[in-house]
2 protein chains.
Amino acid sequence: MGTQSPEEVLQEYLRERGMLMTPQRKTLLQLFLEEPKHFSAEEFYERVKQVDDSIGQATVYRTLKLFTESGLAETLDFGDGRTRYERRLGREHHDHLICIRCRDSIEIRAPEIERLQEEVAGRHGYELTDHALYLYGICPKCRGKE
Amino acid sequence: MGTQSPEEVLQEYLRERGMLMTPQRKTLLQLFLEEPKHFSAEEFYERVKQVDDSIGQATVYRTLKLFTESGLAETLDFGDGRTRYERRLGREHHDHLICIRCRDSIEIRAPEIERLQEEVAGRHGYELTDHALYLYGICPKCRGKE
DNA sequence: ATAGGTGCAAAAGCTTTGCTATTTG
DNA sequence: CAAATAGCAAAGCTTTTGCACCTAT
(Lines give C-alpha, C1' and ligand atoms only; values in the text may rest on other atoms or scores of the structure.)
Protein backbone atom coordinates (compact mmCIF):
# COMPACT_ATOMS: atom_id res chain seq x y z
CA MET A 1 0.00 0.00 0.00
CA GLY A 2 0.93 3.67 -0.12
CA THR A 3 2.91 3.89 3.08
CA GLN A 4 6.30 5.14 2.02
CA SER A 5 9.04 6.66 4.06
CA PRO A 6 10.02 10.26 3.34
CA GLU A 7 13.20 8.98 1.70
CA GLU A 8 11.22 6.77 -0.65
CA VAL A 9 8.80 9.52 -1.50
CA LEU A 10 11.62 11.85 -2.38
CA GLN A 11 13.46 9.22 -4.37
CA GLU A 12 10.39 8.47 -6.40
CA TYR A 13 9.60 12.12 -6.94
CA LEU A 14 13.12 12.71 -8.22
CA ARG A 15 13.22 9.63 -10.42
CA GLU A 16 9.89 10.43 -12.03
CA ARG A 17 11.24 13.67 -13.34
CA GLY A 18 14.78 12.76 -14.08
CA MET A 19 16.21 14.59 -11.10
CA LEU A 20 19.12 13.42 -9.04
CA MET A 21 19.67 12.42 -5.45
CA THR A 22 22.64 14.32 -4.13
CA PRO A 23 24.50 14.34 -0.82
CA GLN A 24 23.08 17.79 -0.14
CA ARG A 25 19.53 16.60 -0.61
CA LYS A 26 20.18 13.64 1.65
CA THR A 27 21.59 15.83 4.37
CA LEU A 28 18.81 18.37 4.11
CA LEU A 29 16.14 15.69 4.20
CA GLN A 30 17.56 14.20 7.35
CA LEU A 31 17.78 17.58 9.04
CA PHE A 32 14.31 18.50 7.85
CA LEU A 33 12.86 15.40 9.46
CA GLU A 34 14.52 16.33 12.75
CA GLU A 35 13.26 19.88 12.83
CA PRO A 36 10.76 21.07 15.44
CA LYS A 37 7.24 21.86 14.43
CA HIS A 38 7.89 24.74 12.09
CA PHE A 39 10.71 26.96 10.98
CA SER A 40 11.72 29.54 8.44
CA ALA A 41 14.19 28.97 5.63
CA GLU A 42 16.68 31.18 7.41
CA GLU A 43 16.37 29.25 10.64
CA PHE A 44 16.84 26.02 8.75
CA TYR A 45 19.89 27.37 6.98
CA GLU A 46 21.46 28.21 10.33
CA ARG A 47 20.89 24.67 11.49
CA VAL A 48 22.28 23.25 8.25
CA LYS A 49 25.48 25.23 8.57
CA GLN A 50 26.17 23.65 11.92
CA VAL A 51 26.23 20.25 10.24
CA ASP A 52 27.76 21.09 6.88
CA ASP A 53 28.78 24.62 6.23
CA SER A 54 29.64 23.94 2.63
CA ILE A 55 25.95 23.84 1.75
CA GLY A 56 24.84 27.14 0.32
CA GLN A 57 21.80 29.22 1.13
CA ALA A 58 20.41 28.90 -2.39
CA THR A 59 20.46 25.13 -2.07
CA VAL A 60 18.51 25.37 1.15
CA TYR A 61 15.83 27.51 -0.44
CA ARG A 62 15.69 25.35 -3.55
CA THR A 63 15.47 22.19 -1.51
CA LEU A 64 12.73 23.41 0.77
CA LYS A 65 10.75 24.18 -2.34
CA LEU A 66 11.49 20.70 -3.59
CA PHE A 67 10.26 19.18 -0.36
CA THR A 68 7.09 21.18 -0.63
CA GLU A 69 6.45 20.16 -4.22
CA SER A 70 7.05 16.53 -3.44
CA GLY A 71 4.58 16.59 -0.59
CA LEU A 72 7.07 16.14 2.22
CA ALA A 73 6.63 19.65 3.51
CA GLU A 74 3.99 22.27 3.58
CA THR A 75 4.33 26.01 3.85
CA LEU A 76 2.80 28.15 6.54
CA ASP A 77 2.24 31.84 6.61
CA PHE A 78 2.13 33.43 10.02
CA GLY A 79 1.88 36.86 8.51
CA ASP A 80 5.33 38.14 9.36
CA GLY A 81 6.68 38.20 5.84
CA ARG A 82 8.56 34.97 5.80
CA THR A 83 7.52 31.54 4.76
CA ARG A 84 7.60 28.81 7.35
CA TYR A 85 7.92 25.13 6.62
CA GLU A 86 6.55 22.17 8.42
CA ARG A 87 6.67 18.45 7.94
CA ARG A 88 3.61 17.15 6.19
CA LEU A 89 4.03 13.56 5.09
CA GLY A 90 3.00 11.10 7.74
CA ARG A 91 1.50 13.79 9.90
CA GLU A 92 -2.14 14.45 10.48
CA HIS A 93 -3.54 17.62 9.02
CA HIS A 94 -3.94 20.49 11.42
CA ASP A 95 -4.37 24.24 11.57
CA HIS A 96 -2.74 26.80 13.83
CA LEU A 97 -3.78 28.92 16.73
CA ILE A 98 -1.32 31.72 17.29
CA CYS A 99 -0.96 34.03 20.29
CA ILE A 100 -0.63 37.62 19.14
CA ARG A 101 1.18 38.58 22.35
CA CYS A 102 3.86 35.96 22.78
CA ARG A 103 3.82 34.53 19.25
CA ASP A 104 3.54 31.05 20.61
CA SER A 105 1.42 28.73 18.53
CA ILE A 106 -0.36 25.46 18.94
CA GLU A 107 -1.67 22.97 16.46
CA ILE A 108 -5.36 22.35 16.36
CA ARG A 109 -7.49 19.71 14.75
CA ALA A 110 -11.06 20.45 13.88
CA PRO A 111 -12.70 17.94 11.58
CA GLU A 112 -16.01 19.73 11.81
CA ILE A 113 -14.45 22.83 10.34
CA GLU A 114 -12.79 20.82 7.60
CA ARG A 115 -16.10 19.32 6.64
CA LEU A 116 -17.81 22.67 6.52
CA GLN A 117 -15.07 24.03 4.30
CA GLU A 118 -15.69 21.29 1.78
CA GLU A 119 -19.36 22.02 1.91
CA VAL A 120 -18.97 25.76 1.42
CA ALA A 121 -16.58 25.26 -1.48
CA GLY A 122 -18.92 22.77 -3.10
CA ARG A 123 -21.79 25.16 -2.71
CA HIS A 124 -19.90 27.53 -5.00
CA GLY A 125 -18.98 24.87 -7.51
CA TYR A 126 -15.35 24.73 -6.44
CA GLU A 127 -13.37 21.59 -5.98
CA LEU A 128 -11.33 22.18 -2.85
CA THR A 129 -7.64 21.35 -3.14
CA ASP A 130 -6.18 23.02 -0.12
CA HIS A 131 -6.89 25.47 2.63
CA ALA A 132 -5.23 27.59 5.24
CA LEU A 133 -6.78 28.49 8.54
CA TYR A 134 -5.01 30.64 11.07
CA LEU A 135 -6.65 31.62 14.30
CA TYR A 136 -5.16 34.53 16.16
CA GLY A 137 -5.86 35.20 19.78
CA ILE A 138 -4.48 35.60 23.25
CA CYS A 139 -3.26 32.50 24.99
CA PRO A 140 -4.17 31.60 28.57
CA LYS A 141 -0.76 32.64 29.91
CA CYS A 142 -0.90 36.07 28.33
CA ARG A 143 -4.48 36.55 29.40
CA GLY A 144 -3.39 35.94 32.96
CA LYS A 145 -0.95 38.82 32.76
CA GLU A 146 -3.55 41.42 31.83
CA MET B 1 -24.85 54.87 18.21
CA GLY B 2 -21.57 53.64 16.76
CA THR B 3 -22.37 54.04 13.08
CA GLN B 4 -19.67 56.32 11.79
CA SER B 5 -18.56 57.02 8.28
CA PRO B 6 -15.04 56.04 7.28
CA GLU B 7 -14.08 59.72 7.33
CA GLU B 8 -15.30 60.07 10.90
CA VAL B 9 -13.54 56.94 12.01
CA LEU B 10 -10.27 58.13 10.56
CA GLN B 11 -10.66 61.62 12.00
CA GLU B 12 -11.29 60.22 15.43
CA TYR B 13 -8.40 57.78 15.19
CA LEU B 14 -6.07 60.61 14.22
CA ARG B 15 -7.30 63.03 16.85
CA GLU B 16 -7.00 60.47 19.62
CA ARG B 17 -3.30 60.15 19.00
CA GLY B 18 -2.42 63.66 18.02
CA MET B 19 -2.02 62.87 14.36
CA LEU B 20 -3.06 65.18 11.56
CA MET B 21 -5.48 65.03 8.70
CA THR B 22 -3.63 65.93 5.54
CA PRO B 23 -4.65 66.37 1.91
CA GLN B 24 -2.79 63.17 1.07
CA ARG B 25 -4.71 61.19 3.64
CA LYS B 26 -7.98 62.63 2.38
CA THR B 27 -7.17 61.73 -1.20
CA LEU B 28 -6.01 58.24 -0.30
CA LEU B 29 -9.09 57.61 1.80
CA GLN B 30 -11.39 58.59 -1.01
CA LEU B 31 -9.54 56.40 -3.50
CA PHE B 32 -9.41 53.55 -1.02
CA LEU B 33 -13.17 53.63 -0.65
CA GLU B 34 -13.57 53.44 -4.42
CA GLU B 35 -11.27 50.48 -4.88
CA PRO B 36 -12.56 47.11 -6.06
CA LYS B 37 -12.65 44.21 -3.68
CA HIS B 38 -8.96 43.84 -2.97
CA PHE B 39 -5.67 45.19 -4.22
CA SER B 40 -1.97 45.32 -3.48
CA ALA B 41 -0.11 48.41 -2.32
CA GLU B 42 1.57 48.64 -5.70
CA GLU B 43 -1.73 48.49 -7.55
CA PHE B 44 -3.10 51.16 -5.29
CA TYR B 45 -0.07 53.33 -5.85
CA GLU B 46 -0.59 53.11 -9.62
CA ARG B 47 -4.16 54.24 -9.19
CA VAL B 48 -3.12 57.07 -6.88
CA LYS B 49 -0.61 58.39 -9.38
CA GLN B 50 -3.34 58.82 -11.95
CA VAL B 51 -5.11 61.20 -9.62
CA ASP B 52 -2.19 62.94 -7.97
CA ASP B 53 1.29 62.00 -9.02
CA SER B 54 2.91 64.12 -6.36
CA ILE B 55 1.98 61.55 -3.73
CA GLY B 56 4.92 59.30 -3.00
CA GLN B 57 5.06 55.57 -2.70
CA ALA B 58 6.15 55.71 0.93
CA THR B 59 3.05 57.70 1.78
CA VAL B 60 0.89 55.09 0.14
CA TYR B 61 2.46 52.30 2.16
CA ARG B 62 2.32 54.31 5.35
CA THR B 63 -1.29 55.26 4.79
CA LEU B 64 -2.46 51.75 4.01
CA LYS B 65 -0.94 50.72 7.30
CA LEU B 66 -2.76 53.58 8.97
CA PHE B 67 -6.06 52.47 7.45
CA THR B 68 -5.45 48.98 8.71
CA GLU B 69 -4.62 50.11 12.23
CA SER B 70 -7.65 52.33 12.38
CA GLY B 71 -9.92 49.51 11.37
CA LEU B 72 -10.87 50.86 7.95
CA ALA B 73 -8.94 48.22 6.08
CA GLU B 74 -7.83 44.70 6.59
CA THR B 75 -4.94 42.84 5.08
CA LEU B 76 -5.17 39.67 3.07
CA ASP B 77 -2.50 37.20 2.18
CA PHE B 78 -3.07 35.22 -0.97
CA GLY B 79 0.32 33.65 -0.66
CA ASP B 80 2.06 35.39 -3.53
CA GLY B 81 4.40 37.46 -1.44
CA ARG B 82 2.55 40.70 -1.36
CA THR B 83 0.01 42.05 1.04
CA ARG B 84 -3.43 42.81 -0.26
CA TYR B 85 -5.80 45.29 1.27
CA GLU B 86 -9.53 45.32 1.42
CA ARG B 87 -12.17 47.58 2.84
CA ARG B 88 -13.35 46.44 6.22
CA LEU B 89 -15.45 49.04 7.96
CA GLY B 90 -19.08 48.79 7.09
CA ARG B 91 -18.62 45.51 5.33
CA GLU B 92 -19.70 42.14 6.54
CA HIS B 93 -16.93 39.75 7.50
CA HIS B 94 -16.05 37.15 4.91
CA ASP B 95 -13.38 34.72 3.89
CA HIS B 96 -11.95 33.90 0.48
CA LEU B 97 -12.19 31.05 -1.95
CA ILE B 98 -9.41 31.26 -4.49
CA CYS B 99 -9.03 29.38 -7.77
CA ILE B 100 -5.53 28.00 -8.09
CA ARG B 101 -5.77 27.93 -11.89
CA CYS B 102 -7.09 31.34 -12.85
CA ARG B 103 -6.39 33.14 -9.55
CA ASP B 104 -9.92 34.46 -9.46
CA SER B 105 -11.40 34.69 -6.00
CA ILE B 106 -14.80 34.97 -4.45
CA GLU B 107 -15.94 36.05 -1.04
CA ILE B 108 -17.65 33.54 1.14
CA ARG B 109 -19.64 33.83 4.30
CA ALA B 110 -19.87 30.90 6.65
CA PRO B 111 -21.20 31.73 10.09
CA GLU B 112 -21.11 28.07 11.08
CA ILE B 113 -17.37 28.01 10.53
CA GLU B 114 -16.93 31.25 12.47
CA ARG B 115 -18.78 29.80 15.39
CA LEU B 116 -16.70 26.64 15.39
CA GLN B 117 -13.52 28.67 15.34
CA GLU B 118 -14.59 30.46 18.50
CA GLU B 119 -15.37 27.17 20.07
CA VAL B 120 -12.06 25.55 19.15
CA ALA B 121 -10.10 28.55 20.39
CA GLY B 122 -12.05 28.59 23.63
CA ARG B 123 -11.39 24.90 24.07
CA HIS B 124 -7.69 25.77 24.24
CA GLY B 125 -8.15 28.71 26.58
CA TYR B 126 -7.50 31.28 23.87
CA GLU B 127 -9.47 34.42 23.42
CA LEU B 128 -9.93 34.74 19.68
CA THR B 129 -9.12 38.15 18.24
CA ASP B 130 -8.87 37.47 14.56
CA HIS B 131 -8.62 34.76 11.99
CA ALA B 132 -7.75 34.10 8.41
CA LEU B 133 -9.31 31.40 6.32
CA TYR B 134 -8.33 30.85 2.73
CA LEU B 135 -9.82 28.06 0.70
CA TYR B 136 -8.00 27.05 -2.45
CA GLY B 137 -9.60 25.06 -5.19
CA ILE B 138 -10.59 24.87 -8.82
CA CYS B 139 -13.48 27.04 -9.90
CA PRO B 140 -16.37 25.79 -12.05
CA LYS B 141 -15.02 27.45 -15.19
CA CYS B 142 -11.58 25.91 -14.87
CA ARG B 143 -13.05 22.53 -14.02
CA GLY B 144 -15.00 22.69 -17.27
CA LYS B 145 -11.76 23.05 -19.23
CA GLU B 146 -10.19 19.89 -17.91
C1' DA C 1 5.79 77.87 16.76
C1' DT C 2 6.09 73.00 16.66
C1' DA C 3 4.84 68.38 16.49
C1' DG C 4 3.80 65.65 12.79
C1' DG C 5 3.87 64.41 7.73
C1' DT C 6 5.68 63.99 3.05
C1' DG C 7 8.87 62.76 -0.83
C1' DC C 8 12.84 61.02 -2.24
C1' DA C 9 16.20 57.81 -2.44
C1' DA C 10 18.53 54.46 -0.11
C1' DA C 11 18.27 50.44 2.70
C1' DA C 12 16.40 46.28 4.37
C1' DG C 13 14.65 41.58 4.38
C1' DC C 14 13.49 37.53 2.19
C1' DT C 15 13.84 34.82 -1.96
C1' DT C 16 15.25 33.85 -6.66
C1' DT C 17 18.42 33.56 -10.49
C1' DG C 18 22.61 33.59 -13.76
C1' DC C 19 26.73 31.51 -14.25
C1' DT C 20 30.49 28.23 -13.95
C1' DA C 21 32.39 24.31 -12.06
C1' DT C 22 31.04 19.68 -10.42
C1' DT C 23 28.69 15.59 -9.85
C1' DT C 24 25.28 11.89 -10.68
C1' DG C 25 23.56 7.87 -13.10
C1' DC D 1 29.43 11.58 -21.09
C1' DA D 2 25.20 14.30 -20.93
C1' DA D 3 22.04 16.25 -17.99
C1' DA D 4 21.28 17.97 -13.62
C1' DT D 5 22.97 20.38 -9.46
C1' DA D 6 25.62 23.18 -6.19
C1' DG D 7 27.81 27.37 -4.63
C1' DC D 8 28.52 32.03 -5.03
C1' DA D 9 27.26 36.46 -5.67
C1' DA D 10 24.25 39.47 -7.74
C1' DA D 11 19.68 40.74 -8.71
C1' DG D 12 14.64 40.98 -7.65
C1' DC D 13 10.56 42.35 -5.21
C1' DT D 14 8.02 44.19 -1.77
C1' DT D 15 8.19 47.11 2.13
C1' DT D 16 10.54 50.18 5.44
C1' DT D 17 13.38 54.00 6.90
C1' DG D 18 16.55 58.26 7.33
C1' DC D 19 16.48 62.80 6.44
C1' DA D 20 15.60 67.56 5.00
C1' DC D 21 11.85 70.27 3.94
C1' DC D 22 7.04 71.43 4.49
C1' DT D 23 2.37 71.99 6.79
C1' DA D 24 -1.73 71.64 9.87
C1' DT D 25 -3.38 73.40 14.11
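The structure presented is a predicted model; accordingly, all values stated were derived computationally and were not measured. (Residues numbered from 1 in each chain as written. Chains lettered and ligands numbered in written order. Predicted model: local features only at pLDDT ≥ 70, side-chain atom pairs only at ≥ 80, totals over all residues. Heavy atoms only, no water.)

Asker: Got a minute to help me understand the protein's contact with DNA strand C in this structure?
Answerer: The immediate surroundings of DNA strand C are formed by 24 residues, with Tyr61(A), Lys65(A), Thr22(B), Arg25(B) and Thr59(B) found nearest. When atoms of DNA strand C within 4 Å of the protein are sorted by moiety, sugar and phosphate together comprise 76%. Here a phosphate oxygen of DNA strand C sits 2.8 Å away from a polar atom, N or O, in the side chain of Thr22(B). A distance of 3.0 Å is found between a phosphate oxygen of DNA strand C and a backbone nitrogen or oxygen belonging to Ser54(B). Of all the secondary structure elements, the ones that give two or more residues to the surface near DNA strand C are helix H4 (57–69) of chain A together with helix H2 (23–34) and helix H4 (57–69) of chain B. (Near = heavy atom within 4 Å. Polar contact = N/O pair within 3.5 Å; in protein donor to acceptor, adjacent residues only side chain to side chain. Helix = DSSP H or I, 4+ residues; strand = E, 2+ residues; numbered from the N terminus.)

Asker: Could you clarify how one ought to interpret the interface of chain B and chain A in this entry?
Answerer: Note: interface size is frequently given as the accessible area lost on complex formation between the parts. Chain B puts 34 residues into the contact, and the matching count from chain A is 34 residues. Approximately 3,100 Å² of surface area, both sides summed, lies buried where chain B meets chain A, with 64% of it carried by carbon and sulfur atoms. The largest share of the area that chain B buries against chain A comes from Tyr126(B), Glu127(B) and Tyr136(B), three residues that together contribute 20% of it. Our count for the chain B to chain A interface comes out at four salt bridges. Residue Arg143(A) pairs with Glu127(B) through a salt bridge whose shortest N-O separation is 3.6 Å. (Contact = heavy atoms within 4.5 Å. Buried area = accessible area lost by both parts, 1.4 Å probe. Salt bridge = Lys/Arg side-chain N within 4 Å of Asp/Glu carboxyl O.)

Asker: Looking at this model, I keep getting lost on the protein's contact with DNA strand D. Mind explaining?
Answerer: Neighbouring DNA strand D are 23 residues; Thr22(A), Gln24(A), Arg25(A), Thr59(A) and Thr83(B) lie closest to it. Expressed as a percentage, the sugar and phosphate content of the atoms of DNA strand D within 4 Å of the protein is 75%. Here a phosphate oxygen of DNA strand D and a backbone polar atom of Leu20(A) are 3.1 Å apart. Arg25(A) places a polar side-chain atom, nitrogen or oxygen, 2.8 Å from a phosphate oxygen of DNA strand D. Contributing elements (two or more residues each) for the surface near DNA strand D: helix H2 (23–34) and H4 of chain A together with H4 of chain B. Per-element accounting of the surface near DNA strand D gives the leading share, five residues, to H4(B). Each residue belonging to the surface near DNA strand D can be placed in one class, and the counts come to nine nonpolar, nine polar and five charged. (Nonpolar A, V, L, I, M, F, W, Y, C, P; charged D, E, K, R; others polar.)

Asker: Where do I start with the pairing of strand S4 (residues 95–99) of chain A in this structure?
Answerer: Residues in a regular strand project their side chains so that they alternate between the two faces of the sheet. Residue and element names in this part refer to chain A. Taken across its five residues, S4 has five buried, putting it largely inside the fold. Here S4 shows two buried faces, one formed by Asp 95, Leu 97 and Cys 99 and the other by His 96 and Ile 98. With four bridges joining them, S4 and strand S5 (residues 105–108) adopt antiparallel strand pairing. Each bridged residue has a counterpart across the sheet, and for Ile 98 the counterpart in S5 is Ser 105. Strand direction decides the pairing type here: S4 and strand S6 (residues 127–138), joined by four bridges, are parallel. Residue pairing across strands places Ile 98 opposite Tyr 136, the latter belonging to S6. (Buried < 20%, exposed > 50% of the residue type's maximum accessible area, 1.4 Å probe, protein only. Pairing = 2+ DSSP bridges.)

Asker: Is there a simple way to think about the relation of the copies chain B and chain A in this case?
Answerer: Two copies of one chain are present, and they are related through a rotation about an axis combined with an axial shift. Laying chain B over chain A is done by rotating through 180° and shifting 0.0 Å along the axis; what remains is an RMSD of 0.0 Å. Between the two chains, the operation in question is that of a two-fold axis. Nearest to the rotation axis, the C-alpha of Leu133(B) is located 2.2 Å from it, this being the minimum over chain B. Most of the interface of chain B is mirrored in chain A, where 100% of its interface residues are also at the interface. (Least-squares fit on C-alpha atoms with pLDDT ≥ 70 in both.)

Asker: What am I meant to see in the domain arrangement of chain A here?
Answerer: All names here are of chain A. Segmenting chain A into domains produces domain 1 (6–87) and domain 2 (95–143). When each unit is reduced to the centre of its C-alpha atoms, the spacing between domain 1 and domain 2 is 25 Å. The interface is formed by seven residues belonging to domain 1 together with nine residues belonging to domain 2. Overall, the association of domain 1 and domain 2 removes approximately 600 Å² of surface from exposure, summing both partners, and the carbon and sulfur fraction of that is 44%. Along the contact surface separating domain 1 from domain 2 lie zero salt bridges. Inspection of the region where domain 1 meets domain 2 yields four residue pairs in polar contact (both at pLDDT 80 or more). If one sorts the elements of the side of domain 1 that touches domain 2 by residue count, strand S2 (residues 73–77) sits on top with three residues. Grouping the amino acids of the side of domain 1 that touches domain 2 by side-chain chemistry returns two nonpolar, two polar and three charged. (Domains from an automatic or database assignment.)

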